[in-house]
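# Understanding the architecture of this molecule
Now for the letters of each chain:
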Amino acid sequence: MEYQVTITETLSRREYVEASSAQKAEEQVRRKYSDCNIILDDTHFVGVDFAVKNVWQETLPLWQKPITPYYKSPTHDFNLVCGDTFELLPQFNFQFDMIFADPPYFLSSGGISVQSGKVVCVDKGDWDKSMSQDDINAFNLKWLSLCRDKLKKNGTIWISGTYHNIFSVANALTQLGYKILNVITWAKTNPPPNISCRYFTYSTEFIIWARKNEKVAHYYNYDLMKHINGDKQMTDVWRLPAIAPWEKTCTKHPTQKPLGLLARIILASTKAGAWILDPFAGSSTTGIAANLLGRRYLGIEREEEFAAISKARREEIEDGRTFSTYRKKIPDIMKAEDTQTDCFTCHDEVVERLPFLADLPITQ
Ligand SMILES: C[S@@+](CC[C@H](N)C(=O)[O-])C[C@H]1O[C@@H](n2cnc3c(N)ncnc32)[C@H](O)[C@@H]1O
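Residues numbered from 1 in each chain as written. Predicted model: local features only at pLDDT ≥ 70, side-chain atom pairs only at ≥ 80, totals over all residues.

## Some points on the site of the ligand
In the neighbourhood of the ligand, 19 residues make up the surrounding shell, with Asp102, Phe280, Gly282, Ser283 and Thr285 lying closest. Counting residues per element, the ones that place at least two in the shell around the ligand are helix 2 (85-88) and strand 13 (296-301). The residue makeup of the shell around the ligand, split by class, is six nonpolar, seven polar and six charged. (Near = placed C-beta within 6 Å. Helix = DSSP H or I, 4+ residues; strand = E, 2+ residues; numbered from the N terminus. Nonpolar A, V, L, I, M, F, W, Y, C, P; charged D, E, K, R; others polar.)

## Here we look at the sheet that holds strand 10 (residues 204-211)
Taken in spatial order, the nine strands of this open sheet run 3-4-13-12-5-8-10-9-11, and their pairing is mixed. Every other strand in the sheet has two partners, leaving strand 3 (71-72) and strand 11 (237-240) as the edge strands with one partner each. In this sheet, strand 12 (residues 275-278) lies alongside strand 5 (residues 96-101) in parallel orientation, the contact comprising two bridges. From the neighbouring strand, Met98 faces strand 12, where its bridge partner is Ile276. Relative to strand 4 (residues 78-82), helix 8 (residues 304-316) is tilted by about 165 degrees, and along the sheet it contacts strand 3, strand 4 and strand 13. (Pairing = 2+ DSSP bridges. Contact = placed C-beta atoms within 7 Å. Axes fitted to C-alpha atoms, helices over the stretch in contact; angles between N-to-C directions.)

## Regarding unusual backbone geometry
Here His76, not a glycine, exhibits a phi torsion of approximately 65 degrees, which is positive. Mapped onto the secondary structure, His76 falls in the loop between strand 3 and strand 4. In this structure, Thr251 is a non-glycine residue whose phi angle is positive, near 65 degrees. Tracing the backbone through its elements, the reader meets Thr251 in the loop between strand 11 and helix 6 (259-269). Since 13 C-beta atoms lie within 10 Å of it, Thr251 is described here as partly exposed. (Buried ≥ 20, exposed ≤ 12 C-beta atoms within 10 Å, placed from the backbone.)

## Description of the domain arrangement of the protein
Taken domain by domain, the protein comprises domain 1 (2-58) and domain 2 (62-344). Computed from C-alpha coordinates alone, the two centres of domain 1 and domain 2 are separated by 33 Å. Contacts between the two partners involve four residues from domain 1, matched on the other side by six residues from domain 2. Looking at the side of domain 1 that touches domain 2 residue by residue, the classes come out as no nonpolar, two polar and two charged. (Domains from an automatic or database assignment.)

## Re the environment of Leu354
Here Leu354 shows up in the segment after helix 10 (331-337). Counting along the chain gives 58 residues from Leu354 to Arg296, while the straight-line C-alpha distance between them is 9.7 Å. Setting aside anything within four residues of it in sequence, one finds Leu354 in contact with Asn79, Phe94 and Leu298.

## With respect to the packing of helix 6 against helix 7 (residues 285-292)
The interhelical angle for the contact between helix 6 and helix 7, taken along N-to-C directions, is 60 degrees, at an axis separation of 9 Å. It follows that helix 6 is oblique to helix 7 by the angle criterion. Crossing angle aside, the handedness with which helix 6 passes helix 7 is right-handed. Residues Leu259, Leu262, Ala263 and Ile266 of helix 6 form the contact with helix 7, whose own contacting residues are Thr285, Thr286, Ile288, Ala289, Ala290 and Leu292. In the contact of helix 6 with helix 7, the residues fall into eight nonpolar, two polar and no charged. (Parallel < 35°, antiparallel > 145°, perpendicular 65-115°, else oblique. Left-handed = near helix turned anticlockwise from the far one by under 90°.)

## Thoughts on the packing of helix 3 (residues 133-149) against helix 4 (residues 166-176)
Put simply, helix 3 and helix 4 touch, their axes get as near as 9 Å, and they point 45 degrees apart. Here helix 3 lies oblique to helix 4, going by the angle between them. In terms of crossing hand, the pair formed by helix 3 and helix 4 is right-handed. Contacts from Ile136, Asn137, Asn140, Leu141, Leu144, Ser145 and Arg148 of helix 3 reach helix 4 at Ser168, Val169, Ala172, Leu173, Gln175 and Leu176. A class-by-class count of the residues in the contact of helix 3 with helix 4 yields seven nonpolar, five polar and one charged.

## Looking at the pairing of strand 4
Burial analysis of strand 4 places five of its five residues in the buried class, the great majority of the element. Side chains Phe78, Leu80 and Cys82 project from strand 4 onto one buried face, and the interleaved Asn79 and Val81 project onto a second face that is buried too. Taken together, the two bridges between strand 3 and strand 4 define a ladder with antiparallel strand orientation. Following the sheet pairing, Tyr71 is matched in strand 4 by Leu80. Here strand 3 folds back onto strand 4, and the loop between the two strands holds five residues, one of which, His76, carries a positive phi near 65 degrees. Inspection of the sheet shows strand 4 paired to strand 13 by five bridges, in the parallel sense. Residue Cys82 lies in a different strand from strand 13, and its bridge partner there is Glu301.

## Points about the nonpolar core
Residues Ile99, Ile157, Ala263, Ile266, Ile276 and Ala289 are the most contacted members of the largest nonpolar core, which totals 58 residues. Ranked by residue count, the leading element in this core is helix 6, at eight residues. Excluding anything up to four places from it in sequence, Ile99 contacts Cys147, Lys150, Leu151, Ile157 and Leu277. (Core = buried A, V, L, I, M, F, W, Y, C linked by C-beta atoms within 7 Å.)

## Here we look at helix 4
When helix 4 is considered as a whole, its buried residues turn out to be Ser168, Val169, Ala172 and Leu173. Around the axis of helix 4, the buried residues are gathered within 140 degrees of arc, so they sit on the same side. Among the structural elements, helix 3, strand 8 (151-161), strand 9 (179-188) and strand 10 are those in contact with the buried residues of helix 4. Gly177 lies just past helix 4 and shows a positive phi near 95 degrees. (Arc of directions from axis to C-beta.)

Right, dumping it as structure tokens:
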């Protein structure tokens, strides 16, 4: 019989802070701790415990249990888990170079629009139903806090939104100790019309770019962004179209982002080989753009219907011709190719596989 003996050493230290509530005090100390402003060492040792168990997966702590993926690409650079991000994120120990998140905007409240000449309801699904401002704030604070633990110390996060959620996201970022770097305005070149004719046509979304730490420098490919912008500094207003028909070949997610937008984000803020997380993956536009650019991806998506679209999209680019056709359709990739071919080639040593993912279950 094989036994697993877990040795748990307990370190404990007292911190005194001024705060308006116990919750705020805890948040302050947690932030100091994760920024390494509090370091526990053996002077804080208070005890040791030995726990003996049979080696059997059921007995392992949650973060040591391998997570079963919904899909893994043959080269392990595209990984998808189907489940709730709030439950899954605390279950593994891994830090990513970059996170892109397109969370629920909470704007599905029975609105209408026009598509192909027809009046249609713009509700996206139950996951997007409007909620009270307090609930939206609590939701954003929670997932952004979980994501901060999953970022490398020099890592950055991008979050998309509209006025419905973006101010709440910005507040949560600041509260959690992230540093906001830019707020990108994505000006859609082909927005749908406003049929009520009582407001300006909505034609923008915002994408906040923030880094994990106030004091730790982030990566920005300034030269490439300048080159893409015709040798002028790239501004924070990006004029890019919404998704094109060729991006819908595996059926479409109701809020699918265009690959061109994700390609720019990834080229600006990561090097080849980087690991990218998307906690609200949808149809995995982030993952497809990541792989087209030689980056690696983990997506988490709750709805199996959308996970299936992600898998189909990844399988589609297994075909080398489709892979290069899609690259050619993205102007930023073409511009990057004529100046910085090495932004697609990985020189650093990187983790090849996500250590906490089990092998795919064998299907009949
Ligand atoms: C705005 S969509 C993302 C679309 C994606 N960017 C794309 O291009 O396809 C948000 C996604 O988050 C998923 N979602 C919402 N809450 C979730 C949760 N708690 N855990 C995992 N996924 C969640 C929804 O099912 C939805 O597909």
